[in-house]
Amino acid sequence: GGLRSVRMSGGGDPLFHAGILEFLDHLDARSVLIDNLTTNGALLGPEIARRLVERQAREVIFSVNAVDEQDYHRMMQVPVGTFARVLKNARGLLEQRGGLELPSVVVQFLVDRRNFRGICLGSRSGTGPATRLRSPPTELSSGRTRTPLCPAQSASNRGATPLPKGEIAPSR
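In short, a report on the structure.

Conventions and cut-offs
Numbering of residues begins from 1 in every chain and follows the order in which that chain's sequence is written. Owing to the predicted nature of the model, reporting of local features is limited to residues with pLDDT of at least 70; listing and counting of side-chain atom pairs is limited to 80 or more, with chain, interface and lining totals taken over all residues. As a convention, hydrogens and water are excluded, and side-chain values are obtained from all of the structure's heavy atoms. For helices the rule is a DSSP run of H or I covering at least 4 residues; for strands it is a run of E covering at least 2, with both sets numbered from the N terminus onward. Only protein chains enter the calculation, and the probe is 1.4 Å; a residue is then buried if its accessible area is under 20% of its type maximum, exposed if over 50%, and partly exposed in between. For this analysis, residues touch if any pair of their heavy atoms sits within 4.5 Å. To measure how exposed things are, a 1.4 Å probe is used in the Shrake-Rupley method; for residues, cover is taken only from the protein chains shown. By this definition, two strands are paired if DSSP reports at least two bridges between them. To obtain an axis, a line is fitted to C-alpha atoms, over the contacting stretch when the element is a helix, and the angle between two such axes runs from 0 to 180 degrees between their N-to-C directions. By the definition adopted for this analysis, an angle is roughly parallel if under 35 degrees, roughly antiparallel if over 145, roughly perpendicular if from 65 to 115, and oblique otherwise. Note that Gly is not counted as nonpolar here; it falls among the polar residues with everything else outside the nonpolar set of Ala, Val, Leu, Ile, Met, Phe, Trp, Tyr, Cys and Pro and the charged set of Asp, Glu, Lys and Arg. Helix crossings get a hand from a simple test, with the near helix turned counterclockwise from the far one by less than a right angle marking a left-handed crossing and a clockwise turn marking a right-handed one.

The next point concerns the overall build of the protein. For the protein, the helix and strand inventory stands at 6 helices and 6 strands. Burial analysis of the protein (172 residues in total) assigns 42% to the buried set. Considering only residue pairs separated by 6 or more positions, the protein has 65% of its internal contacts joining residues 24 or more positions apart. For the protein, the accessible area works out to roughly 9900 Å², and carbon and sulfur atoms hold 53% of it.

Strand order across the open sheet formed by 4 strands is β1-β2-β3-β4, with parallel pairing between neighbours. Every interior strand has two partners, whereas the edge strands, β1 (5-8) and β4 (104-108), have only one. Ignoring which end each strand starts from, the neighbouring axes of this sheet average 10° apart. Both strand β3 (residues 59-63) and β4 contribute to a ladder of 5 bridges, which runs parallel. Note that in β4 the partner of S63 across the bridge is Q108.

Time to look at the packing of helix α1 (residues 20-29) against helix α2 (residues 46-54). In contact at an axis separation of 11 Å, α1 and α2 are set at 10° when each is read in the N-to-C sense. Taken together, the axes of α1 and α2 lie roughly parallel to each other. Residue-level inspection shows I20, L21, L24 and D25 of α1 in contact with α2, the latter providing E47, I48 and R51. A breakdown of the residues in the contact of α1 with α2 according to their chemical character gives 4 nonpolar, no polar and 3 charged.

Our next topic: α2. When we look at burial in α2, the residues that qualify are I48, A49, R51, L52 and V53. Elements that come into contact with the buried residues of α2 comprise α1, β2 (33-39), β3 and α4 (82-97). Following α2 by one or two positions, Q56 has its phi on the positive side, about 55°.

Attention now moves to the packing of α2 against α4. The N-to-C vectors of α2 and α4 enclose an angle of 40°; their axes lie 9 Å apart at closest approach. Classed by the angle they form, the pair α2 and α4 counts as oblique. The element α2 and its partner α4 pack so that their crossing is right-handed. Only L93, Q96 and R97 of α4 make contact with α2, whose side of the interface consists of P46, A49, R50 and V53.

In short, the description is geometric, and any link to function would need to be established separately.
Structure, rendered in structure tokens:
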């Protein structure tokens, strides 16, 4: 009985809590699994990454919400440079994880009229932050049906060279 796992999300980024390291240690001491952590990634530094990997957190979702530094600044209203730190921290988590399967790393975006083309172009060129961690964001699959996210560019997106599993391309 008792609490077996937690999902850390909502109401602001959980990593902004002043006692986050102590909280992670508290969970570990009680064998409570981190099922899911949703974060913007700005504060997911090496020590938190180490704890998440060592304790086999199941999933870390990075809310990137933009396609490049300028778009991130516009969408999130944070200082310039934060986007680069988020990508660095995501890469750091993947490096910390090494060849292990957990935690699974997911990247989610806010798509709007000003950035949707950048997300498509990023995955087509293989150089933008939208380049996949595991699969291209150019199509959604549901059973046997594939729906292009960017119909006008879908033919060119299919020819993109995939990155190795777990890799994030550097931003421009």
